Amino acid sequence: NRKDCCSSSLKTPPPTTTSLQNQNNNDNESLDYDDGRSNGLVLLGVICAVAVWLFSIPTEFRRSSICSKEDAAVYDNCYTWKQWTSGISQYYQEGGGVQFDFSIDPKTQAKNAQKFSSSQQ
């Protein structure tokens, strides 16, 4: 009785790499395999749209930091999330349009000029 149980499994040859690859390919086709590229493309599109939009808002908001209420009261260019969103909302309500501005912050430009001039000496 034991001989009948195991004899058929012993006679079956082990699967080859090619047969396993074919089996995997057939499984992928039957399950409508999705590798995530379509989701990634949507995410990439959204991120690129946000990046382009950020260059179209006024520089006072683009160059600012999101801070707590306490820090926003103390530091320049530091807004709470609510102040930042309401400021941008107000900009659009007052007729602000899309104006791309790729300028560099004058403070940053001055610091970089100072660093480069000191490194060249």
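See the structure printed just above.
Fair warning: this is a prediction, and the values are worked out from it, not measured in the lab.

J.: Help me out: how do you make sense of the overall build of the chain in this one?
T.: A count of helical and extended segments in the chain gives 7 helices and 2 strands. A fraction of 51% describes how many contacts in the chain between residues 6 or more apart in sequence connect residues 24 or more apart. Here the chain displays about 10,300 Å² of accessible surface, and carbon together with sulfur accounts for 56% of that area.

J.: Explanation requested: the state of the cysteines in the structure shown.
T.: Chemically, a disulfide is nothing more than a covalent bond linking the sulfur atoms of two cysteines. All chains considered together, the criterion is met by 1 disulfide. Between the sulfur of C67 and that of C78 lies a disulfide, 1.8 Å long from S to S. Residue C67 is located in the loop between β1 (65-66) and α5 (69-74), and its partner C78 is located in strand β2 (residues 78-79); the two are separated by 11 residues in the primary sequence. On the basis of relative accessibility, which here comes to 21%, the residue C67 falls in the partly exposed class.

J.: Honestly, the side chain of T80 in this entry has me stumped. Any pointers?
T.: Note on placement: T80 falls in the loop between β2 and α6 (81-93). Given the relative accessible area of 12%, T80 is considered buried. For T80, the contacting residues outside a window of four places in its chain are I66, C67, S68, K69 and A72.

J.: It is not clear to me how the pattern of salt bridges should be interpreted in this structure. Could you clarify?
T.: When the charged atoms of two side chains with opposite charge come close together, those side chains can pair. Considering all chains together, one arrives at 1 salt bridge under this definition. D105 is the salt-bridge partner of R63, the closest N and O atoms lying 3.9 Å from each other. A residue pair is termed long-range when its members are at least 10 positions apart, and R63 in the loop between α4 (59-62) and β1 and D105 in the loop between α6 and α7 (106-120) qualify at 42 residues. Given the relative accessible area of 26%, R63 is considered partly exposed. Classification of D105 as partly exposed rests on a relative accessible area of 23%.

J.: Help me out: how do you make sense of the nonpolar core in this one?
T.: A general feature of soluble globular proteins is that nonpolar side chains tend to end up buried together. Formed by I57, F61, Y79, W84 and I88, the largest nonpolar core amounts to 5 residues. Excluding residues within four positions of it along the chain, Y79 makes contact with E60, F61, S64, S65, I66, C67, A72 and W84.

Cut-offs used in this document
- Residues numbered from 1 in each chain as written.
- Predicted model: local features only at pLDDT ≥ 70, side-chain atom pairs only at ≥ 80, totals over all residues.
- Heavy atoms only, no water.
- Helix = DSSP H or I, 4+ residues; strand = E, 2+ residues; numbered from the N terminus.
- Contact = heavy atoms within 4.5 Å.
- Areas by Shrake-Rupley, 256 points an atom, 1.4 Å probe, with all protein chains shown as cover.
- Disulfide = S-S within 2.5 Å.
- Buried < 20%, exposed > 50% of the residue type's maximum accessible area, 1.4 Å probe, protein only.
- Salt bridge = Lys/Arg side-chain N within 4 Å of Asp/Glu carboxyl O.
- Core = buried A, V, L, I, M, F, W, Y, C linked by side-chain atoms within 4.5 Å.

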